[in-house]
Amino acid sequence: MIALKNHRPVLQSGHCVFSDYDRDWFDGILQEAADRAGVPLPFREEIVNAIMLYLETACPLNALPIDYLFRRIRLMLENVGLTPLAHHLREQTPPVEIPLDHMASRTPLPLFFFTTLKTELDHLKSLGLNTYNFSGKKQCILALEGGKRWNRKAQALLEELDSFLAQEASA
């Protein structure tokens, strides 16, 4: 009989720990692997359920290294015949929230803002954090533009920011 512990372990990557992860994160990771492998993702809900069940009831650790978790997920996928998916599963951390509007309020000049953002992303990458959610983009742009209204210049800066973030994500 398995004793239910009713809590998930924190995930650990280097010196960083994550307690804020959920089913949607695992769902996204699996979909990315299926997209890279060029295969459909059958039994998505059942696979995510199996991962969550392990974490919530069977994992004996309070802090689970991310690399160990991904090895277990790959093994599970291989055991159920989804080897292509297992081979394309990319180890990643749960997303880290980066509030761009707060950063822009501290560094309101675009040149310095982009330099500060690059430094922050490099620091996060050095800690092993590789997945980000960027919030407050529109407010960030308005702060950098020093305006209250959206215009062509603000739209161009938003496109530049999106391009910068895409380039950083692929680096």
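Computed from a predicted structure; not experimentally measured.

1. Here we look at the layout of surface pockets
When its volume is computed, the largest pocket comes out at roughly 210 Å³. Residue lining of the largest pocket: 13 residues in total, with Asn-130, Tyr-132, Leu-165, Glu-168 and Ala-169 positioned closest to the centre. If you list the elements that add at least two residues to the lining of the largest pocket, you get strand S5 (132–135) and helix H8 (152–170). Of all the elements, H8 adds the most residues to the lining of the largest pocket, at 5 residues. The residue inventory of the lining of the largest pocket, partitioned by class, reads 7 nonpolar, 1 polar and 5 charged. Space inside the second largest pocket adds up to approximately 160 Å³. In this structure, the second largest pocket is lined by Phe-18, Ser-19, Asp-20, Tyr-21, Asp-22, Trp-25, Pro-94, Pro-95, Glu-97 and Asn-133.

2. A word on the packing of helix H2 (residues 44–58) against helix H3 (residues 66–79)
Running from amino to carboxyl end, H2 crosses H3 at an angle of 135°, the nearest separation of the two axes being 11 Å. What the angle tells us is that H2 and H3 run oblique. Helix-helix and strand crossings are classified by hand; for H2 and H3 the assignment is right-handed. Together, Ile-47, Ala-50, Ile-51, Tyr-54 and Leu-55 of H2 and Tyr-68, Leu-69, Arg-72, Ile-73, Met-76 and Leu-77 of H3 make up the contact between the two elements. Split by residue class, the contact of H2 with H3 holds 10 nonpolar, no polar and 1 charged.

3. Some points on the pattern of salt bridges
Applying the stated criterion to the full structure yields 8 salt bridges. For the salt bridge of Glu-32 with Arg-36, the shortest nitrogen-to-oxygen distance reads 3.9 Å. Here Glu-32 and its partner Arg-36 are both found in helix H1 (residues 23–37), 4 residues apart, which amounts to about one turn of the helix. The exposure class assigned to Arg-36 is partly exposed, which follows from its relative accessible area of 39%. As a salt-bridge pair, Arg-71 and Asp-67 come within 3.5 Å of each other at their nearest N and O atoms. Of the two residues, Arg-71 and Asp-67 are both situated in helix H3; the distance of 4 residues between them amounts to about one turn of the helix. Overall, the relative accessible area of 47% leaves Arg-71 in the partly exposed class.

4. Some thoughts on the side chain of Glu-168
For Glu-168, the location among the structural elements is in helix H8. With near-sequence residues (within four places) excluded, Glu-168 lies in contact with Lys-118, Leu-121, Asp-122 and Lys-125.

5. Here's the deal with the packing of aromatic side chains
Using the criterion set out here, one finds 7 aromatic pairs in the structure. A ring pair is formed by Tyr-21 and Trp-25, whose centres lie 6.3 Å apart and whose planes are at 65°; its orientation type is edge-to-face. With relative accessibility at 8%, the residue Trp-25 sits in the buried group. With a centroid separation of 5.5 Å and an interplanar angle of 80°, the aromatic rings of Phe-113 and Phe-114 are classed as edge-to-face. Given a relative accessible area of 12%, Phe-114 falls into the buried group. An aromatic cluster is defined as three or more aromatic residues linked by ring pairs; in this entry it consists of Tyr-21, Trp-25, Phe-26 and Phe-70. The cationic tip of Arg-8 hangs over the ring face of Tyr-21; the distance from NZ or CZ to the ring centre is 4.6 Å. For the cation-ring pair, Lys-138 lies above Trp-150, with the distance from its terminal atom to the ring centre recorded as 5.1 Å.

6. Things to note about the sheet that holds strand S3 (residues 63–65)
Pairing in this open sheet of 3 strands is mixed, and the strands run S2-S1-S3 from one edge to the other. Each edge of the sheet is formed by a strand with only one pairing partner; in this case those strands are strand S2 (16–18) and S3. Direction aside, the axes of adjacent strands within the sheet are offset by 35° on average. Pairing analysis gives 3 bridges linking strand S1 (residues 10–13) to S3, with the strands arranged parallel. Counterpart to Leu-11 in the pairing with S3 is Leu-64. Lying on the sheet, H3 is in contact with S1 and S3; it crosses S3 at an angle near 70°.

Conventions used here
- Residues numbered from 1 in each chain as written.
- Predicted model: local features only at pLDDT ≥ 70, side-chain atom pairs only at ≥ 80, totals over all residues.
- Heavy atoms only, no water.
- 1 Å grid on protein atoms, 1.4 Å probe; cavity = no way out; pocket = protein on both sides within 12 Å on 5 of 7 lines; lining within 4 Å.
- Points joined across faces, edges and corners; volume = space filled by probe spheres on them.
- Helix = DSSP H or I, 4+ residues; strand = E, 2+ residues; numbered from the N terminus.
- Nonpolar A, V, L, I, M, F, W, Y, C, P; charged D, E, K, R; others polar.
- Axes fitted to C-alpha atoms, helices over the stretch in contact; angles between N-to-C directions.
- Parallel < 35°, antiparallel > 145°, perpendicular 65-115°, else oblique.
- Left-handed = near helix turned anticlockwise from the far one by under 90°.
- Contact = heavy atoms within 4.5 Å.
- Salt bridge = Lys/Arg side-chain N within 4 Å of Asp/Glu carboxyl O.
- Buried < 20%, exposed > 50% of the residue type's maximum accessible area, 1.4 Å probe, protein only.
- Phe/Tyr/Trp six-rings, centres within 6.5 Å; stacked < 30°, edge-to-face > 60°.
- Lys NZ or Arg CZ within 6 Å of the ring centre and 35° of its normal.
- Pairing = 2+ DSSP bridges.

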